Amino acid sequence: MQKLIDYSRELGLELDKTTLERFDAYMKLVIEWNEKINLTSITEHDEFIVKHFCDSISLLGNVELKKGAKVIDIGTGAGFPAIPLKIVRPDLDITMLDSLNKRLVFISDEVLPALGLEADVIHARAEELSKDKKYRESFDAAVSRAVANLSALSEYCLPFVKVGGTFAAMKGPDCDNEVNVAANAIELLGGECIDIKRFDLPDGSTRCIAVIEKTKPTPAKYPRRGVKISKSPL
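Residues numbered from 1 in each chain as written. Predicted model: local features only at pLDDT ≥ 70, side-chain atom pairs only at ≥ 80, totals over all residues. Heavy atoms only, no water.

Here we look at unusual backbone geometry
- Phe 80 connects to Pro 81 through a cis peptide bond whose omega is 5°.
- Examined against the element boundaries, Pro 81 turns out to sit in the loop between β1 (70-74) and α4 (82-88).
- Between Tyr 222 and the following residue, Pro 223, the backbone shows a cis peptide bond with an omega angle of 5°.
- Checked against the element boundaries, Pro 223 lands in the loop between β7 (206-214) and α9 (226-231). (Helix = DSSP H or I, 4+ residues; strand = E, 2+ residues; numbered from the N terminus.)

Put into structure tokens, the structure is as follows:
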């Protein structure tokens, strides 16, 4: 865990004993349950800590999240980045959304009780849930490590973000081109890319976070159906 401790300090974060114990318990649960359901291809401890934990909490050093912020993680999978964010910042009001229920059952039945944490876990498609008045434009921030291109990801995520809020798209090293290609989609959806944060993880790999501010409401016709989003990007 020393890599996680050192990297956290670089971000201005100090991890106490309880926090580190939660990270350790979470990693063990994911690796144990990975033999039953597909949660991750990364099971070696050092690589897991760097690529899942350090990468997830990098958000806290690059995007400002106010105390008690409502944050939705779209396409959360096995809980990244949502669970690491909640471990480090228990004050955050976290919602985890995914269309695959097995992983969410693992999070709600195994992870959250074992770590002594509370979060909302929702099984739904993003393009359908964001039409619900309860969730539409109700979050201070949306985050995602999903592999979809930024045009599609923006259509899935921006409808959840309130005006003045932030969508943080966690990407690999070459996100400049994605941001350029997605510029029209981001504008149509009520957003503006205000920054691209670049940083290196402890293994030397480079990551980017496209920081998109919600400047105006998303038009009611968005998001479209999933097939339309993937086949006809904005």
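Quick look at the state of the cysteines
- A complete count under the given rule lists zero disulfides for this structure.
- A disulfide-free cysteine, Cys 54 has its sulfur positioned 17 Å from the sulfur of Cys 208, the nearest such atom. (Disulfide = S-S within 2.5 Å.)

A word on the environment of Arg 224
- Among the secondary structure elements, Arg 224 is positioned in the loop between β7 and α9.
- Taking the C-alpha atoms as reference, Arg 224 lies 9.9 Å from Lys 131; in sequence the two are 93 residues apart.
- Every residue in contact with Arg 224, bar those within four places of it in the chain, is listed here: Glu 127, Glu 155, Ile 229, Ser 232, Pro 233 and Leu 234.
- Engagement of the side chain of Arg 224 in a polar contact is seen with the backbone oxygen of Ser 232, the distance being 2.8 Å. (Contact = heavy atoms within 4.5 Å. Polar contact = N/O pair within 3.5 Å; in protein donor to acceptor, adjacent residues only side chain to side chain.)

Examining helix α5 (residues 101-115)
- Along its 15 residues, α5 runs 20 Å from first to last C-alpha, staying within 8% of the 21 Å computed at 1.5 Å per residue.
- Bending of α5 peaks at approximately 35° at the position of Ile 107.
- Turning to α5, its buried residues number three or more, namely Leu 104, Phe 106, Ile 107, Val 111, Leu 112 and Leu 115.
- At its buried positions, α5 is contacted by α2 (17-33), α4, β2 (93-98) and β3 (120-123).
- Of the residues trailing α5, Gly 116 is marked for its positive phi of about 70°. (Expected span 1.5 Å × (residues − 1). Bend = angle between axes of the 7 residues up to and from the residue. Buried < 20%, exposed > 50% of the residue type's maximum accessible area, 1.4 Å probe, protein only.)

Here's the deal with the sheet that holds β2
- Strand order in the open sheet formed by seven strands is β3-β2-β1-β4-β5-β7-β6, with mixed pairing between adjacent strands. Only two strands of the sheet have a single partner each, and these edge strands are β3 and β6 (191-200). Each strand axis lies, on average, 20° off the axis of its neighbour in the sheet, ignoring direction.
- When strand β5 (residues 161-171) meets β7, the two strands line up antiparallel, connected through six bridges. (Pairing = 2+ DSSP bridges. Axes fitted to C-alpha atoms, helices over the stretch in contact; angles between N-to-C directions.)

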